[in-house]
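Now for the letters of each chain:
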Amino acid sequence: MNIRKLAWKNLLRRKTRAVFTGLGIFLGIGTFVALASLTAQMEGAVRDKLDKFGANILVTPRAEQLSLGFGDISLGGAQVAHAKLTMEDRKAIESIALKDRLRIVAPYLLAAADASGKDFVWMGVSAADIGQARPWWKISGSTIREREEVILGSEAAAALDKGPGGTVTSGNRKFRVAGVLAPTGEKEDAMVIADIRDVQALGKNPKGVTFFEVAALCKDCPVEDIVAQIGGALPGAKVSAIRQVVESRKAAVDQFRKLGLGVSAIVLAIAGLMVFVTVMGSVQERTREIGVLRAVGFRRRAILSLLFWESGWVSLVSSVSGAAVGLIAAMLASPLFGIERGGIAPSPALIGVAIGMTLGLLGAIPPARKAAALSPTEAIRSL
Amino acid sequence: MDPFIHLENVSMIYGNNGTSAAALDGVSLSIDAGEYVVITGESGAGKSTLLTILGGLQVPSSGAVSMRGVDLSMLSADGLADFRRETIGFIFQAYHLLPYLSARENVMVPMSPLRMSGRAKADRADALLSSVGLPGKEDRLPSELSGGECQRVAIARALVHDPPVLLADEPTGNLDSTTGEQILDLFSGLHKSGKTVLMVTHNRANLFRASRAIRLRDGRVAEDDPFLAPYQAL
Ligand SMILES: Nc1ncnc2c1ncn2[C@@H]1O[C@H](COP(=O)(O)OP(=O)(O)OP(=O)(O)O)[C@@H](O)[C@H]1O
Ligand SMILES: [Mg+2]
């Protein structure tokens, strides 16, 4: 029999109270761990996307009438050959001082042209780079591997009533439909996508480029420096770091983290209060018992450590189980948050257990001090 | 040479409103080592108050208490706790066992803050339990023991640190007379083994076992007789 065991026996005797005390911590830590590990997973996923998918810099001609962002570029039938950028500019971009940090420099040309008798916007891409530049594209069939092949945006495919293996004609040229793009929600759904050289030929704009997308290699790249260097290399171009889907997702994750922290803080504060109230109640209920312990020679420290052990046992058990349940909940919920590879993030769980223990012990301080301060006779009135 | 236990003009006034009467009113007493003192008196005479002051469970409003030459008023709260552990064994009318612990564990409670192996603590508890006549009942809970057996467990608990002084407040008050006699036999044995025993009692039979009888009335010592008091009290 030692203080630790005495505390444990006491808890077992007052199971309901112990469960109630622990419930607050259990729920608090469970919530915290679930939210924290979801946030961590989401951040991880966003980081991955930023690294892999992110075209973070857009290079467009410095032309007044051209609004920024290719989604907004409106192209009338005739004034297609607007591009003032050329394929030569790619070499200029690829020779900036920070060229090692560039992962992809992808040229795009937008041109209006006929496709099997209907007017479409054609998007010329670098067939070699498109897989890396648009990794989220889901193509039924295959991507374009050579010239004279096209991918149809989902709406274009519907309008033309063509699928993989079909043929699209433009003037006297024939293109094999290599694949059809699953809907992306972007403008390319209505476009015909082909090798940039084919689109240059169709648009009678040899070497022409509407814009470049430049992807840097890492999440913390010196994007500002890269922008400045490209701007220096291409004085006639407008170079801007673009806010893209992924980055706005990052903002959403930040919001989510703030929300999660707020909710966790509230739940944890309530948990601490519950520990305080229940330990306080247990002290009142046990005044006589504490008096007996004082009478048999327990020092005040021994009383303190008895109550701390009790609260410590409760908070250990409840924060460990809360953390476990929180992790499981996060794993189950991660698909709802668009996380494909949900994994276990151990650090929120460890932090959660630490917080739970701290809370349990902090909550027990005032009642334990009160108990230790009781005079032994006050404690055993019934002597 | 200092007496073993000495009270000098000890008063106890509960509360702090001036109107309240003194529970103890200028009590002076000396008790030698090895005495067996019974304390009697009407309800409210101050018997329990006297015992708790002697045991260092509370501090008198005025006056001095010393035991084995140590002035209790000089001790800190932890000093008093150490004093209680080393010098005093308390036995209560209501036993005050912890209901969720077995007899053995109850006896081990006073040892729980000590750095000793659990085995050594358990052995000590078992030896004490058999010395008070409870061999084989070490694993019973208080609810599985009779009142007399509970009081035996409480006595074993009081003896854990082998204190020289036993303070008992109506230890037979909850027991029938036969069982009470058995408990009193235990106290007599402990007295013979050298313990100083102070016992508050209403049980007249006990007066014959004691070496001294003190009678309190309204917080004062009304009679203090080493040999005659028991017979006069009858
Ligand atoms: N904690 C307390 N606060 C206020 N008054 C108290 C307190 N404890 C005891 N008293 C009062 O002090 C007086 C002496 O009480 P005490 O308990 O010492 O009497 P007692 O002789 O043990 O009586 P009994 O035989 O009924 O146990 C009583 O008048 C009692 O009401
Ligand atoms: Mg009393």
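Up top you'll find the structure we're talking about.
Now for a look at the structure at hand.

Okay, the pattern of salt bridges next. Counted by the stated rule, this structure contains 29 salt bridges over all chains. In this structure, B:Glu105 and A:Lys9 form a salt bridge, with 2.6 Å as the shortest nitrogen-oxygen distance. Linking B:Glu105 in helix H3 (residues 103-108) with A:Lys9 in helix H1 (residues 3-13), this pair reaches from one chain into another. When the shortest N-O distance is used, the salt bridge between B:Arg119 and B:Asp123 registers 2.8 Å.

Close to ligand 1 lie 12 residues, the nearest being B:Ser43, B:Gly44, B:Lys47, B:Ser48 and B:Thr49. The site occupied by ligand 1 is bordered by residues of chains A and B. Within the contact set of ligand 1, an oxygen atom lies 3.3 Å away from a backbone nitrogen or oxygen of B:Ala45. Within the contact set of ligand 1, an oxygen atom lies 2.5 Å away from a side-chain nitrogen or oxygen of B:Thr49. Taking 640 Å² as the accessible area of ligand 1 by itself, protein coverage stands at 61%. The leading source of residues in the shell around ligand 1 is helix H1 (residues 47-54) of chain B, at three residues. Partitioned by chemical class, the residues of the shell around ligand 1 number three nonpolar, five polar and four charged.

What follows deals with the environment of B:Ile155. Residues and elements named next belong to chain B. In this structure, isoleucine 155 sits in helix H5 (residues 147-158). In this structure the C-alpha to C-alpha distance between isoleucine 155 and tyrosine 95, which are 60 residues apart in sequence, comes to 8.7 Å. Every residue in contact with isoleucine 155, bar those within four places of it in the chain, is listed here: Ile91, Val132, Ile183, Leu186, Phe187 and Leu190.

This brings us to the sheet that holds strand S9 (residues 212-217) of chain B. All names here are of chain B. Strand order in the open sheet formed by six strands is S6-S7-S8-S3-S9-S10, and the pairing between neighbours is mixed. Whereas interior strands pair on both sides, the edge strands pair on one side only; in this sheet they are strand S6 (88-91) and strand S10 (220-225). Ignoring which end each strand starts from, the neighbouring axes of this sheet average 20° apart. Alignment of strand S7 (residues 165-169) against strand S8 (residues 196-200), held across five bridges, turns out to be parallel. Residue pairing across strands places leucine 167 opposite leucine 198, the latter belonging to S8.

Okay, unusual backbone geometry next. Excluding glycine, a negative phi dihedral is what most residues carry, and trans is how most peptide bonds are arranged. One non-glycine residue with positive phi stands out, namely A:Lys207, at about 70°. Along the chain, the position of A:Lys207 falls in the loop between helix H6 (196-202) and strand S10 (208-209). Residue classification places A:Lys207 among the partly exposed positions, given a relative accessible area of 45%. Phi at B:Asp162 is positive, roughly 50°, even though this residue is not glycine. Within the secondary structure layout, B:Asp162 lies in the loop between H5 and S7.

To continue, consider the packing of H1(A) against helix H10 (residues 300-333) of chain A. Residue and element names in this part refer to chain A. Interhelical geometry of H1 versus H10 gives an angle of 55° and a closest axis separation of 8 Å. Relative to H10, the element H1 is oriented oblique. Every pair of crossing elements has a handedness; the one defined by H1 and H10 is right-handed. Each of Ile3, Arg4, Leu6, Ala7, Trp8, Asn10 and Leu11 in H1 lies in contact with H10, whose residues at this interface are Ala302, Ser305, Leu306, Trp309, Glu310, Trp313 and Val314.

Next up on the list: the packing of aromatic side chains. Residue and element names in this part refer to chain A. Within this structure, the stated rule accounts for five aromatic pairs over all chains. An angle of 15° between the planes, with centres 5.0 Å apart, marks the rings of tyrosine 108 and phenylalanine 211 as stacked. Remark: phenylalanine 211 occurs in strand S11 (residues 211-216) and tyrosine 108 occurs in strand S3 (residues 102-115); sequence separation between them is 103 residues. Its relative accessible area of 1% is what places tyrosine 108 among the buried residues. Sitting over the ring of tryptophan 309, arginine 4 keeps its end group 5.7 Å from the ring centre.

A separate point is the interface of chain B and chain A. In this complex, chain B contributes 26 residues to the contact, which on the side of chain A involves 25 residues. Counting each side, the surface lost to burial between chain B and chain A is near 2,500 Å², with a carbon and sulfur contribution of 63%. Where A:Arg299 meets B:Asp82, a salt bridge forms, and the shortest distance between an N and an O atom there is 2.4 Å. For the side of chain B that touches chain A, the secondary-structure elements that each account for two or more residues are H1, helix H2 (77-87) and H3 of chain B. Here the side of chain B that touches chain A gets six residues from one element, more than from any other, and that element is H2(B).

What follows deals with the pairing of strand S3 (residues 36-41) of chain B. Residues and elements named next belong to chain B. Counted residue by residue, S3 has six buried out of six residues, so it is predominantly covered. Here S3 shows no split at all, with Tyr36, Val38 and Thr40 on one side and Val37, Ile39 and Gly41 on the other all buried. Pairing analysis gives four bridges linking S3 to S8, with the strands arranged parallel. Within the sheet, the bridge partner assigned to valine 37 lies in S8 and is leucine 198. Where S3 lies against S9, five bridges are found, and the strand directions are parallel. Paired with glycine 41 across the bridge in S9 is leucine 216.

Residues and elements named next belong to chain A. For strand S1 (residues 57-61), the tally of buried residues reaches five of five residues, placing the bulk of the element in the interior. By the alternation rule, side chains of S1 split into Ile57, Val59 and Pro61 and Leu58 and Thr60, which are all buried. Taken together, the five bridges between S1 and strand S12 (residues 237-241) define a ladder with antiparallel strand orientation. Within S12, the position partnered with leucine 58 by the bridge is serine 240. With three bridges connecting them, S1 and S11 associate as antiparallel partners. The partner of isoleucine 57 across the bridge, within S11, is valine 214.

Residue and element names in this part refer to chain A. Relative orientation of the contacting elements H10 and helix H11 (residues 346-373) amounts to 155°, with a least axis distance of 7 Å. Classified by the interaxial angle, the pair formed by H10 and H11 is roughly antiparallel. As H10 runs across H11, the sense of the crossing is right-handed.

Conventions we followed
Residues numbered from 1 in each chain as written. Chains lettered and ligands numbered in written order. Predicted model: local features only at pLDDT ≥ 70, side-chain atom pairs only at ≥ 80, totals over all residues. Heavy atoms only, no water. Salt bridge = Lys/Arg side-chain N within 4 Å of Asp/Glu carboxyl O. Helix = DSSP H or I, 4+ residues; strand = E, 2+ residues; numbered from the N terminus. Near = heavy atom within 4 Å. Polar contact = N/O pair within 3.5 Å; in protein donor to acceptor, adjacent residues only side chain to side chain. Areas by Shrake-Rupley, 256 points an atom, 1.4 Å probe, with all protein chains shown as cover. Nonpolar A, V, L, I, M, F, W, Y, C, P; charged D, E, K, R; others polar. Contact = heavy atoms within 4.5 Å. Pairing = 2+ DSSP bridges. Axes fitted to C-alpha atoms, helices over the stretch in contact; angles between N-to-C directions. Buried < 20%, exposed > 50% of the residue type's maximum accessible area, 1.4 Å probe, protein only. Parallel < 35°, antiparallel > 145°, perpendicular 65-115°, else oblique. Left-handed = near helix turned anticlockwise from the far one by under 90°. Phe/Tyr/Trp six-rings, centres within 6.5 Å; stacked < 30°, edge-to-face > 60°. Lys NZ or Arg CZ within 6 Å of the ring centre and 35° of its normal. Buried area = accessible area lost by both parts, 1.4 Å probe.

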